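# Secondary and tertiary structure notes
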Amino acid sequence: MPGIIDPSAPEVLFSYYTVSRPDTDGCWSGDGSFRSGTMEIVSIDAAEVVIRLSGTDTHDIDANGEYTAARCP
């Protein structure tokens, strides 16, 4: 269901990210918990889910933006 979710709200049990990217030493990776910001479910249908992250604090990366994830059939 479309709407805005606060990842730090007490009813959200788990909000976690992980990321990796090329680095001068080979590969960099990081992970952590979202401590601020919002996740908006922009749309959802049988084929995909579109979310938008805003105001997130994730240390070394900028996670803010819109993302589309394909849904498994």
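Residues numbered from 1 in each chain as written. Predicted model: local features only at pLDDT ≥ 70, side-chain atom pairs only at ≥ 80, totals over all residues. Heavy atoms only, no water.

## Quick word on the environment of Val12
We apply this condition: The secondary structure listing takes helices from DSSP runs of H or I that are at least 4 residues long and strands from runs of E that are at least 2 residues long, numbered from the N terminus. Categorising residues by exposure relies on relative accessible area from a 1.4 Å probe, with only protein chains included: less than 20% of the type maximum marks a residue as buried, more than 50% marks it as exposed, and the intermediate range marks it as partly exposed. Any pair of residues with heavy atoms lying within 4.5 Å of one another is described as a contacting pair.
In this structure, Val12 sits in the loop between β1 (3-5) and β2 (16-23). Accessibility expressed as a relative area gives 25% for Val12, which makes it partly exposed. If sequence neighbours within four positions are ignored, Val12 has contacts with Ile5, Asp6 and Pro7.

## Some details on the confidence of the model for the chain
Quick note on the threshold: pLDDT measures how confident the predictor is about each residue, on a scale from 0 to 100.
The predicted model of the chain averages 81 in pLDDT, with 92% of residues at 70 or higher. By mean pLDDT, the top-scoring element of the chain is strand β6 (residues 65-70) (93), and the lowest-scoring one is β2 (74).

## A short note on the pairing of strand β3 (residues 26-33)
Rules: Pairs of strands are assigned from DSSP output, requiring at least two bridges between the strands.
When β2 meets β3, the two strands line up antiparallel, connected through eight bridges. The residue of β3 that forms the bridge with Tyr16 is Ser33. If you look at the hairpin formed by β2 and β3, you'll find two residues sitting between the two strands.

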